[in-house]
Amino acid sequence: MNITYYSSNPVPVEYSEEEMKKVISDYLRSVKEEFSFHALSDYIVDRAIKEGKVANAANTQYSSNKMTPSSSIIVSKILWNYIWNQKVFIAFGENPYTANYKDDTRFVVVK
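As a starting point, this report considers the structure included with it. (Residues numbered from 1 in each chain as written. Predicted model: local features only at pLDDT ≥ 70, side-chain atom pairs only at ≥ 80, totals over all residues. Heavy atoms only, no water.)

### Topic: the overall build of the chain
A count of helices and strands for the chain gives 3 helices and 5 strands. When the helices and strands of the chain are placed in sequence order, the string is β-α-β-α-β-α-β-β. Considering only C-alpha atoms, the chain reaches an extent of 50 × 30 × 20 Å along its principal axes. A buried classification covers 36% of the 111 residues belonging to the chain. Carbon and sulfur atoms form 53% of the exposed surface of the chain, whose accessible area is close to 7,500 Å². Distance from the positive charge centre (13 side chains) to the negative charge centre (13 side chains) of the chain: 4 Å. (Helix = DSSP H or I, 4+ residues; strand = E, 2+ residues; numbered from the N terminus. Buried < 20%, exposed > 50% of the residue type's maximum accessible area, 1.4 Å probe, protein only. Areas by Shrake-Rupley, 256 points an atom, 1.4 Å probe, with all protein chains shown as cover. Lys, Arg positive; Asp, Glu negative; His and termini not counted. Charge placed at Lys NZ, Arg CZ, Asp CG, Glu CD.)

### Observations regarding the pattern of salt bridges
If the charged atoms of two oppositely charged side chains come close together, the side chains can form a pair. Tallied over the entire structure, the rule returns 9 salt bridges. Its salt-bridge partner being aspartate 26, residue arginine 29 comes within 2.4 Å of it at the nearest N-O pair. Note that arginine 29 and aspartate 26 are positioned in helix H1 (residues 17-30) at a spacing of 3 residues, about one turn of the helix. The exposure class assigned to arginine 29 is exposed, which follows from its relative accessible area of 57%. The shortest N-O distance in the salt bridge between glutamate 51 and arginine 47 comes to 2.9 Å. The exposure class assigned to glutamate 51 is partly exposed, which follows from its relative accessible area of 41%. Because the salt bridges share partners, they merge into one network encompassing Lys22, Asp26, Arg29, Arg47 and Glu51. (Salt bridge = Lys/Arg side-chain N within 4 Å of Asp/Glu carboxyl O.)

### Focus: the nonpolar core
In this structure, Val13, Ile24, Phe35, Ile44 and Val75 are the most contacted members of the largest nonpolar core, which totals 25 residues. Listed by contribution, the elements that provide at least two residues to this core are H1, helix H2 (37-50), helix H3 (69-84) and strand E5 (106-109). Discounting chain neighbours no more than four positions away, the residues touching phenylalanine 35 are Tyr27, Leu28, Leu40, Leu79, Val88, Thr105, Arg106, Phe107 and Val109. (Core = buried A, V, L, I, M, F, W, Y, C linked by side-chain atoms within 4.5 Å. Contact = heavy atoms within 4.5 Å.)

### Structural notes on the packing of H1 against H3
One can describe the packing of H1 onto H3 by two numbers: an axis separation of 10 Å at closest approach and a directional angle of 60°. Of the possible angle classes, the one that applies to H1 and H3 is oblique. You can see that H1 and H3 cross each other, and the crossing is right-handed. For the pair formed by H1 and H3, the contact residues are Glu17, Met20, Lys21, Ile24, Ser25 and Leu28 on the first element and Ser71, Ile74, Val75, Lys77, Ile78 and Tyr82 on the second. The class makeup of the residues in the contact of H1 with H3 is 7 nonpolar, 2 polar and 3 charged. (Axes fitted to C-alpha atoms, helices over the stretch in contact; angles between N-to-C directions. Parallel < 35°, antiparallel > 145°, perpendicular 65-115°, else oblique. Left-handed = near helix turned anticlockwise from the far one by under 90°. Nonpolar A, V, L, I, M, F, W, Y, C, P; charged D, E, K, R; others polar.)

Right, dumping it as structure tokens:
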């Protein structure tokens, strides 16, 4: 008998840093204009669940798409490298034509 656990905790994504770089690279290739940290996080969590890269994903239903702080730091480090290499830049201000989340950060991919 399978038991499903419900959790409001952050999602424990289990990608290594190299795997996370690949996931982010795939996401950035699909971006047309701008993206937010929130949208990128949602993509990473959804993909991690599909690929079996979330701890206890088979029997846990997460009520949020937020990654653990340690995973968010890895993503931030990778994004910083994209910024440093001038492949992505931070877009200050808000865009009223996209989904807005409190304390979210917008990025633009340099084409």
